[in-house]
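# Inside the fold
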Amino acid sequence: MTALDAADRPRKAQFDRWTAVTVVAVALAAALVAAACYRALGEHGGVNSYALLADAFLHGRFDSPTCFDSDCARFLDRIYVIFPPVPAVIAMPLVALFGVDTRGFIPLSMALTAVSGWAWWAIAGRLGLSRRARFWAALAFIFGAPAAYVTLRGDGVWFFAQVVALTLVSLAILATLDRRFVLAGALIGLAFLSRQMALFVAPFLFALSRPKDARLIAFDRDTIMDALRLGAPILAAIGVYCLYNWVRFGAPLDTGYAHIAAYPAEDDRNFITWRILDLGLFSKDYVVFNLAHLFLQGFHVEFGGKYMTELIRMDPMGSSLIAASPFLLYVFYARADAKLLIGVLVIAVVAGITLFYHSNGFSQHNVQRYALDWLPVLYVLLLPVLAGDTEKAAERLKMFRLLATYAIALNVAAFALVAATKGAT
């Protein structure tokens, strides 16, 4: 019996206490799965623009006859879905079977998130976590962080892209730990072709691939070959994206955002519309707002009415990552090495860019969904903290379990409140 197991079994009362925590966490996770199934049953077609792009691919085109949302471009009298192509490729079988007005994006998102959960179970094993710790690592990442939320809303084009990218990045990290560099590079390339920010994960993958005690930068044959195997598929993906942009808009770096169709009439505009029109896609004026919501904002329910007793809505700007997923604070125990340095730099770059972006992920409830662009990096740095069979590791896992259960409960509460207010944003 390991110290990790022994720490949970010294007294019957203690065993029962931690069994209860596990039962509660699993029940809460099951509630989120049930909520996703419920939303899947009520899913409407003609909503996710990736169905339009998939249909265009099936008919040998890049343009679409219409658009299901506001983020479409008009260029030379044609309409284009501006987002990267891989999620549409994944949706092609669904569209081929059921047409452009198909439903089924939420079940597809659930299947992809299940793959992500398996990947994190496997990643935790590669990083030396016990079977119990692996279970909690996967459960916390999927149900106690933004992954569950974007899955629940996978019928939307923006959320589906994040589900696809997260799955591909998770699999790329697993492939890297298995030293399957070509596969890891291909997966990150496909993730980049789903959500562009995934490209920044590549340097961390190289740092993660370095053998223990090996220099991060070296010019021996093995290191150079590892870099080439990892980098070649990524460069190919960048080339594909540039070609894709050139075919659509006549320039390799033109992603289509500059050609977004006319904005709504003045009476129908929200703060996002006004931000884009008056301040631009990126501006320093957004930093304080985004910074506060990323790190400070708590679980926020809005009340109204004469007596301030009427439930109005959940805050559609979301809760901060620390408030919603406090178990992530365990990253402060991470080992100080080259992987940590590269990981922190990657996180700083990606998070830093999004701080200047006009949206922090609106609309979202109890999450900061853009954090999914860098959260896998942070989680890889965190997981070794829970590894080993020492008493210290056992004590850390106990508190991790409590914090993860709390995080999952917050997601359940948020979904229930959104449902009670009929999704008011």
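Structural data are supplied above this passage.
Residues numbered from 1 in each chain as written. Predicted model: local features only at pLDDT ≥ 70, side-chain atom pairs only at ≥ 80, totals over all residues. Heavy atoms only, no water.

## Focus: the layout of surface pockets
It is the rolling of a water-molecule-sized probe over the atoms that shows where space remains empty. For the second largest pocket, the calculated volume is near 630 Å³. Those elements that place two or more of their residues in the lining of the second largest pocket are helix H10 (202-209), helix H15 (338-355) and helix H16 (375-382). The leading source of residues in the lining of the second largest pocket is H15, at three residues. The residue inventory of the lining of the second largest pocket, partitioned by class, reads 15 nonpolar, one polar and seven charged. (1 Å grid on protein atoms, 1.4 Å probe; cavity = no way out; pocket = protein on both sides within 12 Å on 5 of 7 lines; lining within 4 Å. Points joined across faces, edges and corners; volume = space filled by probe spheres on them. Helix = DSSP H or I, 4+ residues; strand = E, 2+ residues; numbered from the N terminus. Nonpolar A, V, L, I, M, F, W, Y, C, P; charged D, E, K, R; others polar.)

## Comments concerning the side chain of Asp55
Structurally, the position occupied by Asp55 is in helix H3 (residues 49-58). Here Asp55 sits buried without a salt bridge, and the closest side chain of opposite charge, Arg61, lies 4.2 Å off (N-O distance). (Buried < 20%, exposed > 50% of the residue type's maximum accessible area, 1.4 Å probe, protein only. Lys, Arg positive; Asp, Glu negative; His and termini not counted. Salt bridge = Lys/Arg side-chain N within 4 Å of Asp/Glu carboxyl O.)

## Thoughts on the nonpolar core
Ranked by size, the top nonpolar core spans 119 residues in total, and within it Trp374, Tyr379, Leu382, Leu383 and Phe400 carry the most contacts. Of the residues forming this core, the biggest block, 13 residues, is contributed by helix H8 (residues 157-177). Setting aside its immediate chain neighbours within four residues, Leu383 contacts Trp120, Ile123, Ala124, Leu127, Leu129 and Ala137. (Core = buried A, V, L, I, M, F, W, Y, C linked by side-chain atoms within 4.5 Å. Contact = heavy atoms within 4.5 Å.)

## With respect to the environment of Ala34
Locating Ala34 in the fold gives a position in helix H2 (residues 12-41). Between the C-alpha atoms of Ala34 and Phe105, which are 71 residues apart in sequence, the distance is 16 Å.

## What to know about the packing of aromatic side chains
For the structure shown, the criterion picks out 22 aromatic pairs. A centroid spacing of 5.2 Å and a plane angle of 65° characterise the contact between Tyr80 and Phe249, whose relative ring orientation is edge-to-face. Here Tyr80 is found in strand E2 (residues 78-81), whereas its partner Phe249 is found in helix H11 (residues 221-249), with 169 residues between them in sequence. Taking relative accessible area as the criterion, Tyr80 reaches 5% and is therefore assigned buried. Between Tyr330 and Tyr333, the aromatic rings sit 5.7 Å apart at their centres with planes inclined by 45°, giving tilted as the arrangement. Through successive ring pairs, a cluster of aromatic residues spans Trp120, Phe141, Phe327, Tyr330, Tyr333, Tyr379 and Phe400. Between the NZ or CZ atom of Arg275 and the centre of the ring of Phe289, over which it lies, the distance is 4.5 Å. The ring of Tyr333 is capped by Arg396, whose NZ or CZ atom sits 4.3 Å from the centre of that ring. (Phe/Tyr/Trp six-rings, centres within 6.5 Å; stacked < 30°, edge-to-face > 60°. Lys NZ or Arg CZ within 6 Å of the ring centre and 35° of its normal.)

## Topic: the packing of helix H4 (residues 86-98) against H8
Packing of H4 against H8 leaves a shortest axis separation of 9 Å and a crossing angle of 95°. By the angle class used here, H4 and H8 are roughly perpendicular. Contacts between H4 and H8 involve Val86, Pro87 and Ile90 from the former and Phe160, Ala161, Val164 and Leu168 from the latter. Classifying every residue of the contact of H4 with H8 by side-chain character gives seven nonpolar, no polar and no charged. (Axes fitted to C-alpha atoms, helices over the stretch in contact; angles between N-to-C directions. Parallel < 35°, antiparallel > 145°, perpendicular 65-115°, else oblique.)

## Points about the environment of Ile106
Its location among the elements puts Ile106 in helix H5 (residues 105-126). Separated by 39 residues in sequence, Ile106 and Ala145 have C-alpha atoms that sit 18 Å apart. Look past the residues within four positions of Ile106 in its chain and what remains in contact with it is Ala36, Arg39, Ala40, Glu43, Thr151, Leu152, Gly154 and Asp155.

## Examining the state of the cysteines
Throughout this description, disulfide means a covalent bond between two cysteine sulfur atoms. For the structure on display, the rule yields one disulfide. Covalently, Cys67 is tied to Cys72 through a disulfide, its sulfur atoms 1.9 Å apart. Taking the sign of the torsion about the S-S bond as the criterion, the disulfide between Cys67 and Cys72, at about 75°, is right-handed. (Disulfide = S-S within 2.5 Å.)

## Considering the pattern of salt bridges
Taken as a whole, this structure holds eight salt bridges when the rule is applied. A salt bridge links Arg229 to Asp226; its shortest N-O distance comes to 3.4 Å. Separated by three residues within a single helix, Arg229 and Asp226 lie in helix H11, roughly one turn from each other. In this structure Asp226 comes out as buried when scored by relative accessible area, which is 7%. Residues joined in a network through salt bridges with shared partners are Arg179, Asp226 and Arg229.

## Comments concerning the pairing of strand E1 (residues 72-75)
Inspection of the sheet shows E1 paired to E2 by four bridges, in the antiparallel sense. Note that in E2 the partner of Ala73 across the bridge is Tyr80. Where E1 hands over to E2, the hairpin turn is made up of two residues, of which Leu76 adopts a positive phi near 50°. (Pairing = 2+ DSSP bridges.)

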